[in-house]
Amino acid sequence: MDHALLDAIAGLFIDSAKRGGFNGVVASVLLQLEASPEVLRSALSKLVRDGQISAVFSRVSANMHIKRLPDLPIAEQQELLTAEPLNEICVYPTASTVQLRVDLNAWRDRPFSKALLLADPQLSFRAFDMGALERYISDPRYVVHFADYIGTMSIGDEYFVDSHQPERDMVSLQTFGLGFDDKRNPYVVVYLRYLAGLSDEHQKYWHSYLASGDVRISEPYFRSSIYGEYWRNRSVRNAIVEEMRLIRALTNAIWGRSLFRNSIGGDVPIGLTSFLRPTAENFNRFVMALDKLLSEGIDSKFFEGKVPLETETLRPDGKIIVQNKGTLTLLEEWLLAEIVWEDPAAFREIVIRPLRKIRRLRQTPAHTFTLDSFSEEYHKKRKQLLSDVFNSLSNIRATFSKHPLAHHVQIPDWLDGGRIDVF
């Protein structure tokens, strides 16, 4: 009887795997082989004890029909097998059971589907070098969205319905997330259930980017994707955008006009995301995106009537050259004229220097050709720039918030509470 049960469990699971389902077998179905519920429970308990099957229970799983999480301890499985209704139990063959019944060579082009076939949990993850995403970022057929620690990727609708597009490229990832190694270098992490949905060609492509070291899934992505919880901390990117929003509100309240133009909102710009390889080209993309957000986001009309908007230079021939001042020059002059700083040198170092550094770094990619290079140092440089920019904006916002006309502008507790994640 045990052998017949095992064959039935393995056969039904393997058939489901071939269709992409990887579904377990509801225990009550097995009453067709063993009519006695008690005898069936005993036989299943023995197969669990011998490491030939595992059981998933609706009491502890949101969906017992797929193996989402690692197996419960054997003793706990056996205890639940004696008590739970058979129609609320699903059983699965273990890897050793499947290996005796399947030619695994037939699955070599689908490494992630093969992992599910061999009883890996569907919500286990694989980590990849950031280069895996760049194929999709650079291909206009794909739509890639980025948030702070999570993203999505899919073939665009117009290409999905285009009969000229190869079937192999009709792929998507419901989500992907951030993971980190012990040096806090970022990686892409993807759950097996999403990877197994890729075509053979794209599974092989992703497999070629598997990370070699120990990578852990980030807590924000884990909690949001598994539990649907909103991460209580905020990223430094989120904090920068929030500081700019508050500065707009404060300057409107105090001076009747916003210092920054309204932001477009939506996804994190590709250049600012952490989901990029640490290369010179991507760092330059990051710098240009950050400069566009900051110095190009300053509204020069805000300074009208506050400081001179132009400089006049006398040429040797007696003619006067009139030039518009840059937005960062206007900001510095206005802040020095409007506010009495205890230490103007410290003000320039903390508030102005980071913004000017971004503008200076932008000049190289904007005006010259440079060779690309790869270095983990670009991760550190990016994080340092983000921290410095946040500190600059935070000081401006904190200064403005003390103005008597700004008392009604509420500052979120998290912004000054040390709950900012820098990655």
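Residues numbered from 1 in each chain as written. Predicted model: local features only at pLDDT ≥ 70, side-chain atom pairs only at ≥ 80, totals over all residues. Heavy atoms only, no water.

Caption draft 1: Highlighting the sheet that holds strand β3 (residues 89-93). Here three strands make up an open sheet; going across it, the order is β1-β3-β2 and the pairing antiparallel. In this open sheet, the two strands that pair with only one neighbour each are β1 (25-26) and β2 (53-57). Taken together, the five bridges between β2 and β3 define a ladder with antiparallel strand orientation. From the neighbouring strand, Ala55 faces β3, where its bridge partner is Val91. Lying over the sheet, helix α1 (residues 2-18) contacts β1, β2 and β3, oriented at roughly 85 degrees with respect to β3. Along the sheet, helix α3 (residues 74-83) makes contact with β2 and β3, crossing β2 at roughly 60 degrees. (Pairing = 2+ DSSP bridges. Helix = DSSP H or I, 4+ residues; strand = E, 2+ residues; numbered from the N terminus. Contact = heavy atoms within 4.5 Å. Axes fitted to C-alpha atoms, helices over the stretch in contact; angles between N-to-C directions.)

Caption draft 2: Geometry of the pairing of strand β12 (residues 320-324). The pairing of strand β11 (residues 310-314) with β12 spans five bridges and is classified as antiparallel. Bridging from a neighbouring strand, Thr311 pairs with Gln323 of β12. The hairpin turn running from β11 into β12, its antiparallel successor, is five residues long, and Gly318 in that turn takes a positive phi close to 95 degrees.

Caption draft 3: Quick look at the packing of helix α2 (residues 37-49) against α3. Relative orientation of the contacting elements α2 and α3 amounts to 170 degrees, with a least axis distance of 9 Å. By the angle between their directions, the pair α2 and α3 is classed as roughly antiparallel. From α2, Arg41, Leu44, Ser45, Val48 and Arg49 reach across to α3, where they touch Ile74, Gln77, Gln78, Leu81, Thr82 and Ala83. Residue composition of the contact of α2 with α3, by class: five nonpolar, four polar and two charged. (Parallel < 35°, antiparallel > 145°, perpendicular 65-115°, else oblique. Nonpolar A, V, L, I, M, F, W, Y, C, P; charged D, E, K, R; others polar.)

Caption draft 4: View of the packing of aromatic side chains. Tallying each qualifying case throughout the model produces 24 aromatic pairs. Plain terms: the ring middles of Phe128 and Trp206 are 5.0 Å apart, the flat faces sit at 80 degrees to each other, and that makes the pair edge-to-face. Residue Phe128 is located in strand β4 (residues 125-128), and its partner Trp206 is located in helix α9 (residues 200-207); the two are separated by 78 residues in the primary sequence. Like Phe128, the residue Trp206 is buried in the burial classification. Through a chain of ring-to-ring contacts, the aromatic side chains of Phe112, Phe128, Tyr136, Tyr142, Tyr205, Trp206 and Tyr209 assemble into a single cluster. One residue, Arg135, lies across the ring of Tyr205, its end atom 4.6 Å from the ring centre. Here Arg184 stacks its cationic end above the ring of Phe180, 3.9 Å away from the centre of that ring. (Phe/Tyr/Trp six-rings, centres within 6.5 Å; stacked < 30°, edge-to-face > 60°. Buried < 20%, exposed > 50% of the residue type's maximum accessible area, 1.4 Å probe, protein only. Lys NZ or Arg CZ within 6 Å of the ring centre and 35° of its normal.)

Caption draft 5: Region of interest: the environment of Arg419. Its location among the elements puts Arg419 in the loop between α15 (377-400) and β13 (420-421). Taking C-alpha positions, Arg419 is 24 Å from Glu349, a pair spaced 70 residues apart along the chain. Each residue touching Arg419, except ones within four places of it in the same chain, is listed here: Arg232, Asn233, Arg234 and Trp414.

Caption draft 6: Looking closely at α3. By the burial criterion, the buried members of α3 are Gln77, Leu80 and Leu81. Considered in projection along α3, the buried side chains sweep an arc of 105 degrees and stay on one side of the axis. For α3, the exposed residues set more than 90 degrees away from the buried face come down to Ala75, Glu79, Thr82 and Ala83. (Arc of directions from axis to C-beta.)

Caption draft 7: Highlighting the packing of helix α11 (residues 236-255) against α15. Viewed as axis vectors pointing N to C, α11 and α15 meet at an angle of 25 degrees, and their least axial separation amounts to 9 Å. The angle between α11 and α15 falls in the class roughly parallel. Between α11 and α15 the crossing geometry is left-handed. Packed against α11, whose contacting residues are Val236, Arg237, Ala239, Ile240, Glu243, Met244, Leu246, Ile247, Leu250, Thr251, Ile254 and Trp255, the element α15 presents Arg382, Leu386, Ser387, Val389, Phe390, Leu393, Ser394, Ile396, Arg397 and Phe400 at the interface. Here the contact of α11 with α15 is composed, by residue class, of 15 nonpolar, three polar and four charged. (Left-handed = near helix turned anticlockwise from the far one by under 90°.)

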